[in-house]
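Here are the chains, one letter per residue:
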Amino acid sequence: MEYLLIIVSAIFVNNIVLSQFLGICPFLGVSNKLSTAVGMSGAVCFVITLATLVTYLLQVYVLAPLNIEFLQTIAFILVIAALVQMVEIVLKKVSPSLYSALGIFLPLITTNCAVLGVALIVVTKEFSFGGSEPHMLNLVESLVYALSTAVGYGLAMVLFAGIRETLSLNSVPKAFKGVPIALISAGIMAMAFMGFSGIVK
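Residues numbered from 1 in each chain as written. Predicted model: local features only at pLDDT ≥ 70, side-chain atom pairs only at ≥ 80, totals over all residues. Heavy atoms only, no water.

### Re the environment of Asn-15
Considering the arrangement of structural elements, one finds Asn-15 in the loop between helix H1 (2-13) and helix H2 (24-29). C-alpha of Asn-15 to C-alpha of Ala-190: the two residues are 175 residues apart in sequence and 9.0 Å apart in space. The contact partners of Asn-15, leaving out residues within four places of it in the chain, are Ser-9, Ala-10, Gln-20, Gly-152, Tyr-153, Ala-156 and Phe-193. (Helix = DSSP H or I, 4+ residues; strand = E, 2+ residues; numbered from the N terminus. Contact = heavy atoms within 4.5 Å.)

### Some words on unusual backbone geometry
Phi is positive for Phe-21, close to 55°, though the residue is something other than glycine. Checked against the element boundaries, Phe-21 lands in the loop between H1 and H2. Of note in this structure, Asn-67 is not a glycine but carries a positive phi near 55°. Taking the relative accessible area as the measure of exposure, Asn-67 reaches 59% and is therefore exposed. (Buried < 20%, exposed > 50% of the residue type's maximum accessible area, 1.4 Å probe, protein only.)

### Overview of the packing of H1 against helix H7 (residues 139-169)
The interhelical angle for the contact between H1 and H7, taken along N-to-C directions, is 30°, at an axis separation of 7 Å. In terms of orientation, H1 and H7 fall into the roughly parallel class. For the element pair H1 and H7, the recorded crossing hand is right-handed. Along its contact with H1, which presents Glu-2, Tyr-3, Ile-6, Ile-7, Ala-10, Ile-11 and Phe-12, the element H7 presents Val-140, Glu-141, Val-144, Tyr-145, Ser-148, Thr-149, Val-151, Gly-152 and Leu-155. Looking at side-chain class alone, the contact of H1 with H7 contains 11 nonpolar, three polar and two charged residues. (Axes fitted to C-alpha atoms, helices over the stretch in contact; angles between N-to-C directions. Parallel < 35°, antiparallel > 145°, perpendicular 65-115°, else oblique. Left-handed = near helix turned anticlockwise from the far one by under 90°. Nonpolar A, V, L, I, M, F, W, Y, C, P; charged D, E, K, R; others polar.)

### Concerning the packing of helix H4 (residues 72-94) against helix H6 (residues 113-124)
Packing of H4 against H6 leaves a shortest axis separation of 10 Å and a crossing angle of 135°. One finds that H4 runs oblique with respect to H6. The chirality of how H4 crosses H6 is right-handed. Contacts between H4 and H6 involve Gln-72, Thr-73, Phe-76, Ile-77 and Ile-80 from the former and Val-115, Leu-116, Ala-119, Leu-120, Val-123 and Thr-124 from the latter. Here the residues of the contact of H4 with H6 sort into eight nonpolar, three polar and no charged.

Structure representation (structure tokens):
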């Protein structure tokens, strides 16, 4: 039951993009086409989950025992940068078309605050699910939370890309074309996701 609460909370209630406003840059920049949005979502999903695993182990077994938590942010950024470089190399070999479509936004995952944000949330926040006492997530819970957050990010990205593709086929007033209508759509999506608040604390 606890895992279900984590999943629902991460995907719908506290959506990383629409509720916490992390990862807005690629959310707006790579959502022009559905195919590109799906590729970016997959890359971010992989990086968030793997980065959370590595940074959690780094925090618990290296930084905390040596009392060097002040190096947390720098260490986490280095881990994320290395993982993104790995994803970039794999994508270049496996899917050159997706690699070129993602363009500058693939290296930007390194500085995507959603990836670093999830890693920091897992090791610094205390969670309370189902009325239990607040506790730091264990490794399995951390991975479930990271994967669910990444799925929530992907869901928001794909839905937004679908909306933008539909809007491009419709007649939009000149003053609202491009970024203005995209921001209005994102705002309406955020309000729609607010409807899930209250399901999980």
